[in-house]
Amino acid sequence: MEFQAFNFHPAIAAGIKQAGYVTPTPIQRDAIPAVLQGRDVMGLAQTGTGKTAAFALPILQRLSNGPKGRVRALVVAPTRELAEQIHESFGALGRQTGLKSVTVYGGVNVNPQIQKLKNGVDVVVACPGRLLDHISQGTIDLSHLEVLVLDEADQMFDMGFLPDIRRILKHVPPKRQTLLFSATMPPDINKLASEVLTDPVTVKVGNTAPPVTVSHAIYPVEQHLKTALLLELLQHTDTESVLIFTRTKHRAKRLGEQLEKTGYKAASLQGNLSQNRRQAALDGFRDGTHQILVATDIAARGIDVSQISHVINYDIPDTPEAYVHRIGRTGRAAKSGDAFTMVSREDEVMVRTIEKKLGAPLERRTVKEFDYTVPSPKKDIEFARPPREPRPPRKVADSKKGTGASINPFKSEHPGSKPSGRPQQARTGATSGNTPKTVFNSSRRGK
Ligand code: AMP
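These numbers come from a predicted model, not from an experiment. For every chain, the first residue of the written sequence is number 1, and numbering continues from 1 along that sequence. In keeping with the model being predicted, local features are shown solely for residues with a pLDDT of at least 70 and side-chain atom pairs are shown and tallied solely at 80 or more, while totals for entire chains, interfaces and linings include all residues.

Only runs of H or I of at least four residues qualify as helices and only runs of E of at least two qualify as strands under DSSP, and these elements are numbered from the N terminus. Helix and strand counts for the protein chain stand at 15 helices and 14 strands. By the convention adopted here, residues make contact when the C-beta atoms placed from their backbones lie within 7 Å. Nonlocal contacts in the protein chain, meaning residues at least 24 apart in sequence, comprise 80% of its contacts between residues at least 6 apart.

This brings us to helix H6 (residues 128–137). Within H6, the full set of buried residues consists of Pro128, Arg130, Leu131 and His134. For H6, the secondary structure elements touched by its buried residues are strand S2 (73–76), strand S3 (101–104), strand S4 (123–126), helix H7 (153–158) and helix H8 (162–169). The first or second residue beyond H6 is glycine 138, which carries a positive phi of 70 degrees. Residue burial here comes from a neighbour count, namely the number of other C-beta atoms, placed from the backbone, that lie within 10 Å of the residue's own C-beta, with 20 or more meaning buried, 12 or fewer meaning exposed, and in between meaning partly exposed.

Bringing the packing of helix H3 (residues 51–64) against helix H4 (residues 80–93) into the picture now. Each axis is a line fitted through C-alpha atoms, and for a helix only the stretch in contact is used; angles between axes span 0 to 180 degrees, taken between their N-to-C directions. At their nearest, the axes of H3 and H4 sit 10 Å apart, and the two run at 50 degrees to each other. For the element pair H3 / H4, the angle class is oblique. Regarding H3 and H4, the two cross each other, and that crossing is right-handed. On H4, the residues that touch Thr52, Ala53, Ala56, Leu57 and Leu60 of H3 are Gln85, Ile86, Ser89, Phe90 and Leu93. Polarity classes work like this: nonpolar for Ala, Val, Leu, Ile, Met, Phe, Trp, Tyr, Cys and Pro, charged for Asp, Glu, Lys and Arg, and polar for all others, with Gly in that last group. The residue inventory of the contact of H3 with H4, partitioned by class, reads 7 nonpolar, 3 polar and no charged. Oblique is the label for any angle not under 35 degrees, not over 145, and not in the 65 to 115 range, which are roughly parallel, roughly antiparallel and roughly perpendicular in turn. What makes a crossing left-handed is the near helix being turned counterclockwise from the far one by less than a right angle; a clockwise turn instead makes it right-handed.

Quick look at the nonpolar core now. As used here, a nonpolar core is made of buried Ala, Val, Leu, Ile, Met, Phe, Trp, Tyr and Cys residues. They are joined through C-beta atoms within 7 Å. The biggest cluster of nonpolar side chains holds 67 residues, and the ones touching the most others in it are Ala31, Leu74, Val76, Leu93, Val124 and Ala126. Per element, the largest residue contribution to this core is 8 residues, and it comes from H3. If sequence neighbours within four positions are ignored, alanine 31 has contacts with Val41, Gly43, Ala54, Phe55 and Val203. Counting 40 residues, the second largest nonpolar core, distinct from the first, contains Ile244, Leu259, Phe285 and Met342.

Within the secondary structure, threonine 227 is located in helix H10 (residues 226–235). Among the residues examined, threonine 227 registers 18 C-beta atoms within 10 Å and is labelled partly exposed. Along the primary structure threonine 227 and leucine 255 are separated by 28 residues, whereas in three dimensions their C-alpha atoms are 7.8 Å apart.

What follows is about the confidence of the model for the protein chain. In this model, the protein chain carries a mean pLDDT of 81, and residues with pLDDT of at least 70 account for 78%. pLDDT is defined as a per-residue confidence score from the predictor, taking values between 0 and 100. Taken as a whole, residues 207–212 scores under 50 in pLDDT and shows 11 contacts with residues more than four places along the chain or in a different chain. The low-confidence segment residues 390–447 (pLDDT under 50) makes 129 contacts with residues lying over four places distant or belonging to another chain.

This brings us to the packing of helix H2 (residues 26–36) against H3. Interaxial distance between H2 and H3 falls to 9 Å at its minimum, and their mutual angle equals 25 degrees. By the criterion of interaxial angle, the relationship of H2 to H3 is roughly parallel. When the axes of H2 and H3 are compared, the crossing they make is right-handed. Residues Ile27, Gln28, Ala31, Ile32, Val35 and Leu36 of H2 form the contact with H3, whose own contacting residues are Lys51, Ala53, Ala54, Phe55, Leu57, Pro58 and Gln61. Split by residue class, the contact of H2 with H3 holds 10 nonpolar, 2 polar and 1 charged.

Because side chains alternate across strand S11 (residues 292–295), one face comprises the buried residues Ile292 and Val294, and the other comprises Leu293 and Ala295, equally buried. Here strand S9 (residues 242–245) runs beside S11; their pairing, made up of 4 bridges, is parallel. The partner of phenylalanine 245 across the bridge, within S11, is alanine 295. Strand pairing is assigned whenever DSSP detects at least two bridges linking the two strands. Across 4 bridges, strand S10 (residues 266–269) lies against S11 in parallel orientation. The residue of S11 that forms the bridge with leucine 269 is alanine 295. Think of it like this: strands point away, you trace from the first strand over the helix to the second, and a clockwise trace means the crossover is right-handed. Taking the sense of rotation as the criterion, the β-α-β connection linking S10, helix H12 (residues 275–286) and S11 turns out right-handed.

Another point: the sheet that holds strand S1 (residues 41–44). Spatial ordering of the open sheet is given by S3-S4-S2-S5-S6-S1-S7, a layout of 7 strands whose pairing is parallel. Looking at which strands have only one partner, the edges of the open sheet turn out to be S3 and strand S7 (201–204). On average, each strand axis in the sheet is inclined to that of its neighbour by 15 degrees, with strand direction left out of account. Relative to S7, S1 is paired through 4 bridges, and the arrangement is parallel. Of the residues in S7, the one forming a bridge with methionine 42 is threonine 202.

Once that is clear, we can look at unusual backbone geometry. Residues other than glycine seldom take positive phi values, yet glutamate 152 does so here, at roughly 50 degrees. Structurally, glutamate 152 is set in the loop between strand S5 (147–150) and H7. Taking the C-beta count within 10 Å as the criterion, glutamate 152 has 26 such neighbours and is therefore assigned buried. Of note, the phi angle at aspartate 199 is positive, near 45 degrees, even though the residue is not glycine.

Burial along S9 is two-sided: Val242 and Ile244 and Leu243 and Phe245, pointing in opposite directions, are all buried. Bridge count for S9 against strand S12 (residues 310–313) is 4 bridges, and the pairing is parallel. Within S12, the position partnered with isoleucine 244 by the bridge is isoleucine 312.

What follows is the structure in structure tokens.
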């Protein structure tokens, strides 16, 4: 099946072509017809499945007909990064439609958002907190809303946004089309879905299974040797771009600095950064300036870098769902990737839980040339113990920190901004420069 089968408006078909999409992904194949028919949809799909275009394309189709310049579609997303990505997708796919989108999230000056809303937009992509600010200030008019999308609903729930979502729901017309996307379906989301969706079509794609293109391995190691083992793995693995997860913001920052000191082009992404620096870290990772990005779960939420070759869990995630989310960052859109997880003694229970979820044991690997007997240092014991810092506070995504993120309408006002249509982005130079030479293709060497 190809995209032509959907009979999209020529302006949208042009956007699809420009993005380089030929064949719809399974979620697109199943969701697009239902959304085009105006049905409510419950989409069980994680990041990396093509879910954004699954809702963006039929929404663009609907908005191409009818009045322009009023908010007819609202997408609510948990993080600023995800909001930007969705906005970029609308921008890329809808470039020739003349429709306009705006992002609305906290941590940046509200005035440009107000101005854009005043000038007239068709799509708003928002994080809950700032959207509620606009609603209470009367700076957004949702009375013409036709389509509401709640994206990554489970993550919004995890981050404590459910009360905000319910508040937002009171301000949108009851007669509307609602699409709810979630990677998992905890009871609270199920309840929300039954409240907001009317006779929905359920579309389920790779709900809990990680992408088949990813090969998984775990590396048992003492806490204090994790960094040394990581360096060993990086040196002996042919990595294109690596996303490393730590449990805490502080560890992300420290590890990023350590990798940089060792000569890697690395950056860290964590909640303490200003929005400008977060964006710079992300852009650098996307365009290959940084080969390695160290991030916490929340900071990395929704990161879309099509070419991630390796995900490394420096710290094991808290839940099997988080494992699947993290791993979903590699092997995206049918590319292959490797996922390594470092585990120490206290992680055994979580390893078993993850294996149960995956339905298969994870391969244990040891690196032959690595000295596992080095004792823990007396000083600088920070990385010698398990991370204890509590997880970031619940409402961080739409936080008030940071300054100056760009808000790109379809017709880019930012000539220097990144082009959309991410699949075509080449990661040239990712391993050039002063990056230590990555030697051989074997993630498998350490077996
Ligand atoms: P998403 O799950 O929406 O974050 O999308 C994951 C990645 O797949 C993004 O880089 C999309 O641009 C890309 N993508 C989405 N749909 C397609 C498609 N039909 N063909 C190829 N790539 C796609």
